[in-house]
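Here is what each chain is made of, one letter per residue.
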Amino acid sequence: MTLPGGFDDLECWVAEWAIGEEAARNRKRLASSLDQLQAYYNALLPRMDAIIPHLNQYSLDALAPAEQTLLEMALMFMEVAPAVEIYKHPDVPWGFVAERFHILPA
Amino acid sequence: MNKPDFDTLHPYVRQYSDLGTGPVPVMPVVSPEYFERERETIFKKMWLNLGRVEDIPNPGDYVVRDIAILKASIILVRGDDDQVRAFHNVCRHRGNQLVQGSGNAKGFSCGFHGWTYDTQGQCVFVPDEEVFFNLDRSQTGLSPVRCETFAGFVFVTVNPSAVPLVEYLGGFGQQIGDFPFQTMQRMHTLKADVNCNWKVFIDAFQESYHGRFVHRLTAAAAGCVDDDPYAHLTSVRLYGPHRSASVPFNPEYQPTPAEALSFKYAQSLWLHEGNAGAQRVPGTNPAGHPNWLFDINVCFPNFFVDVSSSWFFTYHFWPVAVDRTHWEYNFYMLPPQNAGERISREYSKLYLRDLLREDLSTVETTQAGLSSGAIEHMILSDQEVAVRHQYKVVDDMVNGRWVG
């Protein structure tokens, strides 16, 4: 198991959806169908109020691998959320072309 | 009903009557000749922001900025005396550029013949020095560029007779200067090369009129209400060439489930402590409006510092050609103290990122429309006072009418 105990129900999402960098998370979103994004969103939304208190027990700078994976899943939830909640589309439907819009880490 | 004694539909033409109400010519955004005059009379004269002091936090840290509109490459470097300086990225020997990118260095050594400069710009080594003629290394340091900081923002100018930065910023600086910029950290950077004039690009970000359309699924809900369907600016301030405008908050705003989560664990993009009252954070909401979303702050000519009570972001619009602009955006929030705050801030960061792709969707088609020659003038409302102000200031400078 790659996630902390108590989060076994989310294990099936880890391989595809636990992604470390924002730009890569965005590429995953854009390469997914709305149905796939909706399924991930539906799986994570009711679990966020368990995920966050669990992660808040630890120092953000020194998360164990299982907690780091869980954090990346939560960040991916936020990446997926605008597509599901607002745009009803994986991309910004009338947005400036994604390939010309460069996302750099801090 | 009594007629109101104040024209509530046109407050800004009264406040700034010298801007007039007439149509605004298209020529300044399509003329290559005008663009060249902007280069000489604006970008080579004004103070230009190149980032923040935190970009180069340690002695020896440097970053190179290639500024096409100046036809210059500039090194920003924090010297071993902890002072931030700017130099032309040009070897004094035969003019080769010294360095690219960013990093930490004890100095800069030219790859062509090995001339070496320290972090304070002094020439410290010339290979085979004896074969030169009366070479005085104390006179061959890097060419300095005037560099001053304000509230942690690093500005340069290639104009030796420019007024001091704090004087240049004037009331604009006084308005934003006490915002706690230094407490926040960069969350990410976005960049794009966009086919439009720099002023057309800026115009897309200095009015709220577009919100109901461009942001019909996003920001419109945070600002537009039944009795203010176009989210009219609640106040506008012009400070010499600079300008500031405040955008209203919809107190009935209902967050999505993800934004509600974001707000539960920290302040979120639209829901923050400043909404419910006035001036919770210094340097924000200068008119004290009770329903306040954020301030648009435009530092002439090409730099924005938009502030909320829990975030700020910057835009840089770097002109490359009359119809090409390099855009850079940096978003800042308080450093997260735990995972919940980190996850919360991710929502704000990504929502704004997607929203910016909405904004950028209009500027190339606008430029194409203006470049077609189909219209000679733009028609501006009172709500577009900042747009009008930009063209007035630019045209005054280009034609030698600007008096500061």
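Since the model is a prediction, treat every value here as computed from it, not as a measurement.

### What to know about the overall build of chain B
So, point 1. Check the secondary structure of chain B and you find 9 helices and 19 strands.
So, point 2. When its C-alpha atoms are laid out on the principal axes, chain B stretches across 90 × 55 × 35 Å.
So, point 3. A buried classification covers 57% of the 404 residues belonging to chain B.
So, point 4. When contacts within chain B are restricted to residue pairs at least 6 apart in sequence, those whose partners lie at least 24 apart make up 63%.
So, point 5. Where the 34 positive side-chain charges of chain B centre and where its 46 negative ones centre are 2 Å apart.

### Brief notes about unusual backbone geometry
Generally, phi is negative for residues other than glycine and the peptide bonds are trans, each holding for most cases.
Residues and elements named next belong to chain B.
So, point 1. With an omega dihedral of 0°, the bond running from F300 to P301 counts as a cis peptide bond.
So, point 2. Secondary-structure assignment places P301 in the loop between β15 (292-299) and β16 (303-307).
So, point 3. Of note in the backbone geometry, D128 takes a positive phi value of approximately 55° without being a glycine.
So, point 4. On the secondary structure map, D128 appears in the loop between β9 (123-125) and β10 (144-150).
So, point 5. Even without a glycine there, the phi angle at A231 is positive, about 50°.
So, point 6. Among the structural elements, A231 can be located in the loop between α6 (220-223) and β13 (235-239).

### Comments concerning the sheet that holds β13 of chain B
So, point 1. The 8 strands are arranged β1(A)-β12(B)-β18(B)-β17(B)-β16(B)-β15(B)-β14(B)-β13(B) in an open sheet whose pairing can be described as antiparallel. The strands lining the two open edges of the sheet, one partner per strand, are β1 (102-105) of chain A together with β13 of chain B. The sheet shows a mean angle of 15° between the axes of neighbouring strands, taken without regard to direction.
So, point 2. The pairing of strand β14 (residues 242-248) of chain B with β15 of chain B spans 6 bridges and is classified as antiparallel. Residue pairing for β15 of chain B: S244 of chain B is matched across the bridge by N297 of chain B.
So, point 3. This element, helix α8 (residues 339-371) of chain B, spans β1 of chain A together with β12 (185-194), β17 (311-321) and β18 (324-333) of chain B of the sheet and lies at about 15° to β12 of chain B.

### Quick notes on the pattern of salt bridges
So, point 1. On inspection of all chains with the given rule, the structure shows 30 salt bridges over all chains.
So, point 2. Across the salt bridge formed by R47 of chain A and D9 of chain A, the nearest N and O atoms sit 2.8 Å from each other. Of this pair, R47 of chain A sits in the loop between α3 (34-44) and α4 (48-55) while D9 of chain A sits in the segment before α1 (11-17), placing them 38 residues apart in sequence.
So, point 3. By relative accessible area, which is 19% here, R47 of chain A ends up buried.
So, point 4. Its salt-bridge partner being E38 of chain B, residue K199 of chain B comes within 2.6 Å of it at the nearest N-O pair. Of this pair, K199 of chain B sits in helix α4 (residues 198-203) while E38 of chain B is found in helix α2 (residues 32-43), placing the two residues 161 residues apart along the sequence. The pair K199 of chain B / E38 of chain B is uniform in exposure class, with both members buried.

### Digging into the interface of chain B and chain A
Often the size quoted for an interface is simply the accessible area lost on bringing the parts together.
So, point 1. Counting from both sides, the interface comprises 42 residues of chain B and, opposite them, 38 residues of chain A.
So, point 2. With both sides pooled, the region where chain B packs onto chain A buries about 3600 Å², and carbon together with sulfur makes up 63% of that total.
So, point 3. Viewed at the interface, chain A and chain B are joined by 8 salt bridges.
So, point 4. Inspection of the chain B/chain A interface yields 20 residue pairs in polar contact (both at pLDDT 80 or more).
So, point 5. Sorting the residues of the side of chain B that touches chain A by element identifies β12, α7 (257-265) and α8 of chain B as the ones contributing at least two each.

### Considering the side chain of D61 of chain B
So, point 1. Along the chain, the position of D61 of chain B falls in strand β3 (residues 61-67).
So, point 2. Of note is the side chain of D61 of chain B, whose polar atom sits 2.7 Å from the backbone nitrogen of N58 of chain B.

### Let's talk about the side chain of E328 of chain B
All names here are of chain B.
So, point 1. Relative to the assigned elements, E328 resides in strand β18.
So, point 2. Since its relative accessible area comes to 14%, E328 is described here as buried.
So, point 3. Within the structure, E328 has its side chain in polar contact with the side chain of N330 (distance 3.3 Å).
So, point 4. With sequence-adjacent residues up to four places away left out, E328 is seen in contact with T189, L190, K191, T314, Y315 and H316.

### Some remarks on a nonpolar patch on the surface
So, point 1. On the surface, Y209, F213 and Y230 of chain B cluster together into a nonpolar patch covering about 300 Å² of accessible area.
So, point 2. Of note, F213 of chain B is situated in helix α5 (residues 211-214).

Basis of the calculations
All residue numbers here refer to positions counted from 1 along the written sequence of the relevant chain. Throughout, the order in which chains and ligands are written sets their labels, letters from A for the former and numbers from 1 for the latter. The predicted origin of the model limits local features to residues at a pLDDT of at least 70 and limits the giving and counting of side-chain atom pairs to 80 or more, whereas totals for whole chains, interfaces and linings rest on all residues. The basis for the side-chain values is all heavy atoms of the structure; hydrogens and waters are excluded. Here a helix means four or more residues in a row that DSSP labels H or I, a strand means two or more in a row labelled E, and each is numbered from the N terminus. Burial classification: accessible surface area is computed with a 1.4 Å probe over protein chains only, and a residue below 20% of its type maximum counts as buried, one above 50% as exposed, and the rest as partly exposed. We call two residues contacting when some pair of their heavy atoms lies within 4.5 Å. Neither His nor the chain termini are counted; the positive set is Lys and Arg, and the negative set is Asp and Glu. Every charge is mapped onto a representative atom, which is NZ of Lys, CZ of Arg, CG of Asp or CD of Glu. Strand pairing is defined by DSSP finding a minimum of two bridges between the two strands. Inter-axis angles, ranging from 0 to 180 degrees, are taken between N-to-C directions of lines fitted to C-alpha atoms, where helices are fitted over the stretch in contact. Throughout this description, the term salt bridge denotes a Lys or Arg side-chain nitrogen within 4 Å of a carboxyl oxygen of Asp or Glu. Here the quantity called buried area is the accessible surface, traced with a 1.4 Å probe, that two parts lose on coming together, added over both. Polar contacts, as counted here, are pairs of nitrogen or oxygen atoms within 3.5 Å of one another; within protein the pair requires one atom able to donate a hydrogen and one able to accept it, and residues that are adjacent in sequence qualify only if both atoms are side-chain atoms. Residues enter patches when they are more than 30% accessible in relative terms and free of salt bridges; like-charged ones are connected within 9 Å and nonpolar ones (Val, Leu, Ile, Met, Phe, Trp, Tyr) within 5 Å. The Shrake-Rupley method, run with a 1.4 Å probe, gives the accessible areas here. Residue values count only the displayed protein chains as cover.

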